[in-house]
Amino acid sequence: IGHPEIFPLVFTTKTQEIFNCRVDEDVTEENCFKLIKKEDIIQDLKTRATISDFHPVKKVVLEYPGEELLVVFDAKFQYGQNFYFVASEEAKENLLKPPETAEEKDDDKEEENREETLEVHPYKPPVHKPWVSLGSEKEVEEESVKDTVTKIKYMVSRVRRKFGAPITFTDKNASHVKDSYVECTSYQDKTFSIKMLEKDVGVQMVPKVREASTQTKWTYPKNAATQYFPRQLSNEEKEESLSSEKLKEFLTSVHLRMEIALQQNEIMNAFFDDWKALAEDESSSGGKPDVYLKAYQSFTDLRYLKDRTISCICWHPTIYGIIAVSARVWLSYEEQVNLSDKSLLQQSVILFWSFFDPIHPQLMLECPEDIYCFQFSPSDPNIIAGGCINGQVVLWDISQHEEKLQNAKTVADGIKVTAVNMVNASILNILQYIYMSPSLMQVQQSSTEPPLVRYCAVSSIQNSHKKPVTDIHWLPDYFEDNRMGATFENRAEICVQLVTCSPDCSILFWDIPATKLPEQPSSEKVKEEEIFCMPPDVPDTFKHLDLCWKPLIKINLHKSDTNTEYSPVRISLKELHYHYKTSEKVLSLNTLEVPAKDNPYTEMSTPSSKNLKVLENISTDFFVGTEDGEIVYSNWKMEIDSDSAKPHTQKYTIHTETINTLQRSPFFKDIVLSVGGRNFAIWKEGVTNGPILQTSCSAGRYTAGQWSLTRPGVFFIGRDDGNIDIWDLLRKTHEPSHFQNISESTITFISPWIASPKQHFLAVSDDLGVLHVLEICQTLGHPSRNEHANVLDYFEREVKYLKYCEQEFQEYQEFQ
Amino acid sequence: AEVEETLKRIQAHKGVIATIVVNAEGIPIRTTLDNSTTVQYAGLLHQLTMKARSTVRDIDPQNELTFLRIRSKKHEIMVAPDKEYLLIVIQNPCE
C-alpha cells in the first residue's frame, strides 16, 4: 500500500536475537534503524528456509543491490507490523537522513516565520509521473452500463422457391363478418410480462413561490383642474413658414405619397366586405312567419257603435296606445241623398280607446253630426279637426283630458277624473233649466262612463260644404296661404290651416286665425248669448270661430273640356309630408312632460303680413280622387295672367268606382297610391302617361289602402270580404305577397302606426263597428338593407317602360 | 406659389374633406377647416404620429415611419410625416 519499497515484517523473538534487533534492547523507538548485512539475511534464509521471517521478502533481498539492508522498528505499527523492511537504497538513505533534515527544516521554518521573509519557491515544471491508481477506475466501472444479457438475434428466412410465386387472392364478403369489419386484434401475450423494478426518473427543482404584498401610502384624492388653450401662430409667423424653403422641400417629398394614397381610395374601397353585404339581404327573406299580422287587441262598444260603421281611424300622435275612432251610421244610398230627413236618435261620437282598457273607451268627443273623417293637429295633438256629414268642419280641444289619456291604465283612474266632472255637473244642473239643449252631463255621473268633450267650434253652415266632408288634412306648419293662394312662411310654426274636400265639387282651405275676427255688433250679441250658454267646461280656445268660421280659399274643380265639375272625395297635397314631432323617439309611456305653457293656439298673435317671406319652392300641386273614379292632378295657385283662368289639370280614369284612398308614400314624395273599386294604381307625379302600376280587376272590391310606414315597397289593401292584402313590390307585383282575414264584414279603414321601434301596429276597422289592432311582425316591419334604393329602381324602371310603351304606340300609329 | 399649387392639387382630389399642414410642434400652419377643429386634429394627430414613429423606431432602429393611415367608419385620415412638418388629409372614400 502506498510505498512499494516498504515491506512490513513480523520479527519473532528468535529472529530478533539472531540479528540483534531485540525490541527495547537494541532497537528502541528513537533508535529504530537497524542495518543488517545482506549476507546474514541470505544465510538465515538458507538455514531456516520457510520459517524465516524474511521469507516473504526473499526475492527482494536477493535483488537488493546494496550490502546492507535497513530494517526499521515500527513501534506504532504504522505499516501494520512491528518491523518494516526497506527495499531500496534511496528509500534507505531518505529514511536515515530526512528525519535529521526534517528537524533542521522545522527549526529553519520557525526562524523564518519570526523573520517574516517571503521565500519564493522556484518554479518546477510538473514532472511526468506514471499514473497511480487510487481506485477511481473501479468506480467508473461500477457506474457504466453494460448489457447483462446478450442480445438475442433472430434471423428469419424463407424458402427461396416461394419468392415471386403467383399470388391468388380470394374474396371475402365483409358483411359476413360481424360488424362488417375485419382487423387483427391485439392480445396480451403471457410470455412477455416483465415487471418493472427500477425506473429512471428525472427530477427538476422548482423555486418555492412566496406571496408578499406591500401597501402604499394613501393620500386622499383632490380634484385639480387645469385650463389650457392651444398654441397658435400669428399670421406673420404662418406666412413666414409657408414661404420657407423647408416647407417646399417637405411638400415635394410628401405629396407623391399622399396622392398615391388618395388615388387608392378613389379606385376602390378595400374594406368593403362583399360577403357580409350579401348575407344581410338573404337573412331578411329567410324565415317566414306564419302570421304576418298578429291580432293584438280589438275594441268595440255596444252602446255607441251599434249599427254603425267606422269611418276613420286616427292614432294619437304622442301618447302611446291611444287610438281614436269615428263612427257613422251606415246609410243606404237613398238615405244618403235625403240627409235632411234623417233624424239622429243617437248622438254620434268619436271614441278614444286605450290599449290598457279594451272594454271602456277613454274619451268621447261629441259631434254635431256623423263624422266622416278627422285628424289630430300635428303641432298640438290636443286639437282635433273633423269633417261632418252635413259639410261642416268641427274643432275639438281635449287639453283638459290630456293627462287622463296619458295615465289611461285601469278603470280605477277614471274615478278621480269623474270627481271633477261631478262638480261641474252640479253647476250644470242649474244651468240646465235655463238652457234648453239636452244636457249630456248626466252621462258623466257614473264612474264607468268616459268623459264627453264637446266641440269647441263649428264652421258656419252657409260657408261650408254642401255635401259630406270626405277628407280633411292639416297643412304642414312651415307655410301658410293667404287669400290669394300664395304661400307664405308660417312664423308661428304651428299648424293653422286645414284643407277639406267634398263631393260638392269644391276644395276649401280653412284658416284658424289668432285673434277674434272683427264682427258686426249685432252678430256679436247673438254670439255672446250663444257663448254664454255653452257649458262652462268647454275650453274657449276657438270661441271666436264658433259658427262663424269661414273658409279662406275655395277652389272649384271644373273639368277642362266640359262645363261640369269634378266631385272630389280624397285629396292629397304634395306638401302634406309632415311628421308628428315625437313619432320617431321612443315614447316614455307615463312620463310625457305636460307642456308648461298653455295651448299654443291661445298665444298666437297675427304676424304682420308684410314681413312674411313668400316661399317659392313650396309646391302647390295636388292629386284629387273623385266620386266617379277619376284621378285629377291640379294646382291651386292662381295664375297671374288672366287668359288661363282655370288651373292646369290632368285627368286619369282608371277606377270604375269611387276612390276611397289616395295616399302619398311616406318615403317617396311623388309616388301616390290610389284605391277605388276593383283595382288600385300607383302614380308618379310628373309622369303623365298613366300609372306606374295598375292592377287588373279583382273579384272583390278594394275598400281601403295604406302605405306601410317602415318599408318603402309594402302597402296594405283592405277588401270587402274582410281580408287584408299585403303587397310587397319587391317580391311580386301581380298579386299580393300575403293576405289575411281580419273580420267578416267590409274593411272600412286601415291605419298603420309605429308605437315603438319594436312594436308596429296596424289598426283595421270594419263595417260592424269593431276596431282590430294588429301587430305587424318583424319581417314586415323592418326594411332590408337596400330596400329604398331597390324600390326607387323599380319605379324608375316602370316609368321607363311606360315611356317605351308610349313610344311604341306612337310609332305604330304613325305607321298606320 | 408652388406650395399653394401642390396643396390645391391635393385638395382637389375626389372626396377630400380637409387638408392641414402642421409644424414640428403641432401648431397648424395652413388649413382648410375652421380653427377649433383644426387645432383639435393637429394636436391629436401630432401626438399619434410621434407615438407611431417611436414605435417603428423601437422595433427596428433602421426603420422609420413614412405614412400613417387611419380608416374609420365615416372617413379616412392620412398623415404624411416628415422631420419638421406633418401633412394631414381627411378623405371620404365615398361609395
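Residues numbered from 1 in each chain as written. Chains lettered and ligands numbered in written order. Predicted model: local features only at pLDDT ≥ 70, side-chain atom pairs only at ≥ 80, totals over all residues. Heavy atoms only, no water.

**What to know about the overall build of chain A**
Formally: Elements are defined by DSSP. Helices are runs of H or I of four residues or more, strands are runs of E of two residues or more, and each kind is numbered from the N terminus. For every residue, the accessible area obtained with a 1.4 Å probe (protein chains only) is divided by the maximum for its type, and the residue is called buried under 20%, exposed over 50%, and partly exposed between those limits. Any two residues having at least one pair of non-hydrogen atoms within 4.5 Å are treated as being in contact.
The helix and strand inventory of chain A stands at 15 helices and 35 strands. Counting over 816 residues, chain A shows a buried share of 43%. Long-range contacts, defined as pairs at least 24 residues apart, comprise 64% of the intrachain contacts of chain A with a sequence gap of at least 6.

**Some remarks on the overall build of chain B**
Heads up, the condition is: The accessible surface values rely on the Shrake-Rupley method and a 1.4 Å probe; as for residues, cover is taken only from the protein chains in view.
Helix and strand content of chain B: two helices and five strands. When its helices and strands are written in sequence order, chain B yields α-β-β-α-β-β-β. Put simply, chain B has 95 residues, and 42% of those count as buried. Considering only contacts in chain B between residues 6 or more positions apart, those separated by 24 or more positions represent 37%. Counting every atom, chain B has about 5300 Å² of accessible surface; 52% of that belongs to carbon and sulfur.

**Quick look at the interface of chain A and chain B**
Worth spelling out the cut-off: Salt bridge, as used here, is a side-chain nitrogen of Lys or Arg placed within 4 Å of a carboxyl oxygen of Asp or Glu. Each polar contact in these results corresponds to two N or O atoms within 3.5 Å; when the atoms are within protein, one needs to be able to donate a hydrogen and the other to accept it, and residues that are neighboring in sequence are counted only if both atoms are side-chain atoms. Residues are sorted three ways: Asp, Glu, Lys and Arg are charged, Ala, Val, Leu, Ile, Met, Phe, Trp, Tyr, Cys and Pro are nonpolar, and all the rest, Gly among them, are polar.
Listed as interface residues are 27 residues of chain A and, on the opposing side, 34 residues of chain B. At the boundary of chain A and chain B, one finds two salt bridges. Notably, a salt bridge pairs R231 of chain A with E25 of chain B, separated by 3.5 Å at the nearest N-O pair. For the interface between chain A and chain B, the tally reads 13 residue pairs in polar contact (both at pLDDT 80 or more). If you list the elements that add at least two residues to the side of chain A that touches chain B, you get helix 7 (235-242) and helix 8 (245-267) of chain A. Of the residues assigned to the side of chain A that touches chain B, the class counts are eleven nonpolar, nine polar and seven charged.

**Some details on helix 2 (residues 35-59) of chain B**
Rule in force here: A helix is expected to span 1.5 Å multiplied by its residue count minus one.
In this model helix 2 of chain B runs 36 Å from its N-terminal to its C-terminal C-alpha over 25 residues, within 8% of the 36 Å that 1.5 Å per residue would give. Against strand 1 (16-23), strand 2 (28-31), strand 3 (68-71), strand 4 (76-81) and strand 5 (85-91) of chain B lie the buried residues of helix 2 of chain B.

**Quick word on the nonpolar core**
The line we're drawing: To qualify as a nonpolar core, a set must consist of buried Ala, Val, Leu, Ile, Met, Phe, Trp, Tyr and Cys residues joined through side-chain atoms within 4.5 Å.
I350, F352, F374, W396 and L771 of chain A are the most contacted members of the largest nonpolar core, which totals 60 residues. In terms of nonpolar packing, the next biggest core, distinct from the first, is built from 21 residues, L251 of chain A together with V16, I27 and I29 of chain B among them.

**Observations regarding the sheet that holds strand 33 (residues 747-756) of chain A**
Residues and elements named next belong to chain A. Test applied: Pairing between two strands is assigned when DSSP locates at least 2 bridges connecting them. Convention adopted: a line fitted to C-alpha atoms gives each axis, helices being fitted over their contacting stretch, and angles between N-to-C directions are expressed from 0 to 180 degrees.
Strands sit in the order 5-35-34-33 across an open sheet of four strands; the sheet is antiparallel. The open sheet is flanked by strand 5 (293-299) and strand 33, the only strands paired with a single partner. On average, adjacent strands in this sheet sit at an angle of 25 degrees to one another, irrespective of strand direction. Pairing geometry for strand 33 and strand 34 (residues 759-766), over eight bridges, is antiparallel. Note that in strand 34 the partner of S756 across the bridge is Q759.

**Quick word on helix 8 of chain A**
Let me state the cut-off plainly: Two axes define the bend at a residue: one fitted to the seven residues ending there, one fitted to the seven starting there, and the bend is the angle between them.
The terminal C-alpha atoms of helix 8 of chain A, which comprises 23 residues, lie 33 Å apart, in line with the 33 Å expected from a rise of 1.5 Å per residue. Along helix 8 of chain A, the sharpest kink reaches roughly 35 degrees, centred on V254 of chain A. Contacts from the buried residues of helix 8 of chain A go to helix 7 of chain A together with helix 1 (2-11), strand 1, strand 3, strand 4 and strand 5 of chain B.

**Points about the environment of W549 of chain A**
Counting through the fold element by element, W549 of chain A comes out in the loop between helix 13 (521-533) and strand 20 (551-556). Spatially, the C-alpha atoms of W549 of chain A and N463 of chain A are 8.0 Å apart, while their sequence positions differ by 86 residues.

**Topic: empty space enclosed by the protein**
The method is simple in principle: a probe with the dimensions of a water molecule rolls over the atoms, and the space it marks as empty is what remains. All names here are of chain A. Here is the rule we go by: For each structure, a 1 Å grid was placed over the protein atoms alone; sets of points admitting a 1.4 Å probe that cannot get out are labelled cavities, open sets with protein on both sides within 12 Å along at least five of seven lines are labelled pockets, and lining residues have an atom within 4 Å of a point. Grid points are joined across faces, edges and corners, and a volume is the space filled by probe spheres set on the points.
Tallying each qualifying case throughout the model produces four cavities of 30 Å³ or more. Looking at the second largest cavity, its volume works out to about 40 Å³. Forming the walls of the second largest cavity are S708, L709, T710, P752, W753, I754, H760, I776, L780 and G781. Looking at the lining of the second largest cavity, the elements with two or more residues in it are strand 33 and helix 14 (778-781). For the lining of the second largest cavity, the element with the highest residue contribution is strand 33, accounting for three residues. When the residues that make up the lining of the second largest cavity are grouped by side-chain class, the tally is six nonpolar, four polar and no charged.

**Some remarks on a negative patch on the surface**
All names here are of chain A. Cut-off, in case you're wondering: Each patch is built from residues lacking any salt bridge and having more than 30% relative accessible area; the joining distance is 9 Å for like charges and 5 Å for nonpolar side chains (Val, Leu, Ile, Met, Phe, Trp, Tyr). Positive charges are assigned to Lys and Arg, negative charges to Asp and Glu, while His and the chain termini are left out of the count. Note on charges: their place is set at NZ of Lys, CZ of Arg, CG of Asp or CD of Glu.
Where like charges cluster on the molecular surface, the negative patch consists of E137, E139, E141, E142 and E143. Looking at where E139 falls in the secondary structure, it is placed in helix 6 (residues 136-143). On the basis of relative accessible area, E139 is assigned to the exposed category, the value being 55%.

**Some points on the pairing of strand 4 (residues 83-86) of chain A**
Regular strands show a simple pattern: their side chains alternate between the two faces of the sheet. Residue and element names in this part refer to chain A. Of the two faces of strand 4, both are covered, the one formed by F83 and F85 as well as the one formed by Y84 and V86. As judged from the four bridges shared by strand 1 (residues 6-9) and strand 4, these two strands associate in the antiparallel manner. Looking at the pairing, L9 lines up with F83 of strand 4.

**Focus: the packing of aromatic side chains**
The description of an aromatic ring pair rests on the distance of the ring centres and on the angle between the ring planes. All names here are of chain A. In plain terms, the rule: In this scheme Phe, Tyr and Trp rings, the latter by its six-membered ring, pair at centre separations within 6.5 Å, and the angle between planes marks the pair as stacked below 30 degrees, edge-to-face above 60, and tilted otherwise. Placement of a positive charge over a ring is assigned whenever Lys NZ or Arg CZ falls within 6 Å of the ring centre and within 35 degrees of the normal to the ring plane.
Under the criterion given, the structure shown has 20 aromatic pairs over all chains. With 5.5 Å between their ring centres and 70 degrees between their planes, F680 and Y702 make a pair best called edge-to-face. Pair noted here: F680 is in strand 27 (residues 679-684) and Y702 is in strand 29 (residues 702-707), with a separation of 22 residues, a long-range link. By relative accessible area, which is 0% here, F680 ends up buried. On the basis of relative accessible area, Y702 is assigned to the buried category, the value being 5%. Positioned above the aromatic ring of F163 is the side chain of R158, whose terminal nitrogen or guanidinium carbon lies 5.4 Å from the ring centre.

**What about the state of the cysteines?**
Residues and elements named next belong to chain A. Under the convention used in this document: A pair of sulfur atoms, both from cysteines and within 2.5 Å, is called a disulfide here.
Counted by the stated rule, this structure contains zero disulfides over all chains. There is no disulfide at C388, and the cysteine sulfur nearest it, in C367, is 6.8 Å away. A relative accessible area of 0% means that C388 is categorised as buried.

**Structural notes on the confidence of the model for chain B**
Defined as follows: What pLDDT conveys is the predictor's confidence in a given residue, as a value from 0 to 100.
On average, chain B scores 90 in pLDDT, and the residues at 70 or more come to 98%. Here the complex is predicted with pTM 0.52, and the ipTM for its interfaces comes to 0.86.

**Digging into the sheet that holds strand 19 (residues 506-511) of chain A**
Residues and elements named next belong to chain A. The strand order 15-18-19-20 describes an open sheet built from four strands, whose pairing is antiparallel. The sheet is open, and its two borders are formed by strand 15 (471-474) and strand 20, each paired with just one other strand. Adjacent strand axes in the sheet meet at a mean angle of 15 degrees, parallel and antiparallel pairs treated alike. As paired strands, strand 18 (residues 497-502) and strand 19 are joined by six bridges and run antiparallel to one another. Residue pairing across strands places C501 opposite I507, the latter belonging to strand 19.

**A few points about the packing of helix 8 of chain A against helix 1 of chain B**
Selection rule: Here is the rule for angles: anything less than 35 degrees is roughly parallel, anything more than 145 is roughly antiparallel, 65 through 115 is roughly perpendicular, and the remaining ranges are oblique. By convention the crossing between two helices is left-handed if the near helix lies anticlockwise of the far one by an angle smaller than a right angle, and right-handed if it lies clockwise.
Look at helix 8 of chain A against helix 1 of chain B: their axes get within 10 Å of each other, and the N-to-C directions meet at 15 degrees. The pairing of helix 8 of chain A with helix 1 of chain B is recorded here as roughly parallel in orientation. Crossing geometry of helix 8 of chain A relative to helix 1 of chain B is assigned as left-handed. Between helix 8 of chain A and helix 1 of chain B, the residues in contact are L247, K248, L251, H255, M258, E259 and L262 of chain A and V3, T6, L7, R9 and I10 of chain B, respectively. Of the residues belonging to the contact of helix 8 of chain A with helix 1 of chain B, the class tally is seven nonpolar, two polar and three charged.

**What about the environment of F299 of chain A?**
All names here are of chain A. Turning to its location among the elements, F299 is positioned in strand 5. Taking the relative accessible area as the measure of exposure, F299 reaches 0% and is therefore buried. Sequence-wise, F299 and L771 are 472 residues apart; in three dimensions their C-alpha atoms are separated by 5.0 Å. Once residues within four sequence positions are removed from consideration, F299 is found in contact with W353, S354, F355, D357, P358, G769, V770, L771 and V773.

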